[in-house]
Amino acid sequence: MSINSKQSIKCPECSHLNEVTVWSSITSDDSVDLKKDLLSGKINIFKCENCSHTALLPNPLLYHDSSKKLMLSFTPCNDEATKAQLFKNIRETSKNSEDLKNLVDYNLRFVTNYDTMLEKILIFDNDLHDKVIEVLKVLILTQEPEKANDRIAVFGKYEDDYIEFLIRDKKENQFYTSRIPFESYNTIKTQLAQSGVKYKSFDWEIIDIDYGASLLRGVNNIL
Ligand SMILES: [Zn+2]
């Protein structure tokens, strides 16, 4: 069920008082428009009606897509220690409430970055799996190992049997694209499964590029 509340928020720039709709839960089956707003970055983003100042609201958001069996728990956070604590909290809360028993075969993701939340939705909307996508990102970035630390790869699109990634080089301030054949995606997906990777969650998971790198270290013969 999609849930919102109205809040009065004072603009930190001009002190104008704005009436804002804050979403705490979005179920994609409820409303196509709401999901569209989320994907275009309009949900829980404050925009002052007086001075146009924009900022991400600190409120957590739960995203649920029953057809893709995807649940995302998003809490904005930039600090690694707080992120670890929040992740520990959500795992403990779920364990105690036994909520997970109703979410068999789901993928449960804990995310702290708004763009990552949107990226996950797109990956699953394309019937791809983020565990494979994160491994592909590592493979792409390590093609130029000396530049890997300056680069970020994100899922772009899936079309014509190719998966396209957007690469941002923070040092060069450049964007690149990199395309991987869907066949390679499938090969890696199968190899990961053979090495024990599960394409469903038994608990909340953080699936990021560090996760992809740790999978690759564990599956030495994948290359
Ligand atoms: Zn303002």
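For the structure, see preceding data.
Reference entry: report on the structure contained in this document. Every residue gets a number counted from 1 within its own chain, in the order that chain's sequence is written. Per-residue local features are limited, in this predicted model, to residues with pLDDT of at least 70; the limit for side-chain atom pairs, both in listing and counting, is 80 or more; totals at the level of whole chains, interfaces and linings are taken over all residues.

What follows is about the overall build of the protein chain. Scanning the protein chain from N- to C-terminus turns up six helices and ten strands. The atom set for the radius of gyration is the C-alpha atoms, and the globule formula is 2.2 Å times the number of residues raised to the power 0.38. Relative to a compact globule of 223 residues, whose C-alpha radius of gyration would be 17 Å, the protein chain shows 19 Å and is just as compact. A principal-axis box enclosing the C-alpha atoms of the protein chain has dimensions of 60 × 45 × 35 Å. This entry defines residue contacts through backbone-placed C-beta atoms, with two residues in contact when those atoms are within 7 Å. Nonlocal contacts in the protein chain, meaning residues at least 24 apart in sequence, comprise 55% of its contacts between residues at least 6 apart. Going along the chain from the N terminus, every DSSP run of H or I of four or more residues is numbered as a helix, and every run of E of two or more is numbered as a strand.

A few words on the sheet that holds strand S7 (residues 107-111). Any two strands with at least two DSSP bridges between them are considered paired. Taken in spatial order, the five strands of this open sheet run S1-S2-S5-S6-S7, and their pairing is mixed. Of all the strands in the sheet, just strand S1 (3-10) and S7 have a single pairing partner and so form its edges. Across this sheet, the average inter-strand angle for adjacent strands is 25°, counted without regard to direction. Judged from the eight bridges that link them, S1 and strand S2 (residues 17-27) form a sheet pairing that is antiparallel. The residue bridging Ile9 from the neighbouring strand is Asn18, located in S2. Between N-to-C directions, angles cover 0 to 180 degrees, with each direction set by a line fitted to C-alpha atoms, over the stretch in contact for helices.

To continue, consider the sheet that holds strand S9 (residues 162-169). An order of S8-S9-S10 is seen for the three strands of this open sheet, with the pairing classed as antiparallel. If you trace the sheet from one side to the other, it starts and ends with strand S8 (151-159) and strand S10 (174-181), each paired once. Between one strand and the next, the sheet's axes are offset by a mean angle of 25°, whatever the strand orientation. Those strands touched by helix H4 (residues 130-141) are S8, S9 and S10, and its axis lies near 120° from that of S8.

One way to put it is that H4 packs onto helix H6 (residues 209-218) with a least axis distance of 8 Å and a crossing angle of 80°. Between H4 and H6, the crossing angle belongs to the class labelled roughly perpendicular. Across from Glu134, Val135, Lys137 and Val138 in H4, the residues of H6 making contact are Ile209, Tyr211, Gly212, Ala213, Leu215 and Leu216. An angle counts as roughly parallel when it lies under 35 degrees, as roughly antiparallel when it exceeds 145, as roughly perpendicular when it falls between 65 and 115, and as oblique in every other case.

So, on to the pairing of S2. With antiparallel pairing between neighbouring strands as the criterion, S1 and S2 make up a hairpin whose turn holds six residues, including Ser15 at a positive phi of roughly 65°. Note: S2 against strand S5 (residues 61-65), three bridges, orientation parallel. Pairing of Ile26 across the sheet is with Tyr63, part of S5.

We now examine the pairing of S9. The pairing of S8 with S9 spans eight bridges and is classified as antiparallel. Bridged to Tyr158 within S9 is Ile163. Connecting S8 to the antiparallel partner S9 that follows it, the hairpin turn spans two residues, and Asp160 within it adopts a positive phi of roughly 50°. Relative to S10, S9 runs antiparallel, the two being bridged by eight bridges. Its bridge partner being in S10, Leu166 is matched across the sheet by Thr177. Joining the antiparallel neighbours S9 and S10 is a turn of four residues, in which Asn173 adopts a positive phi near 55°.

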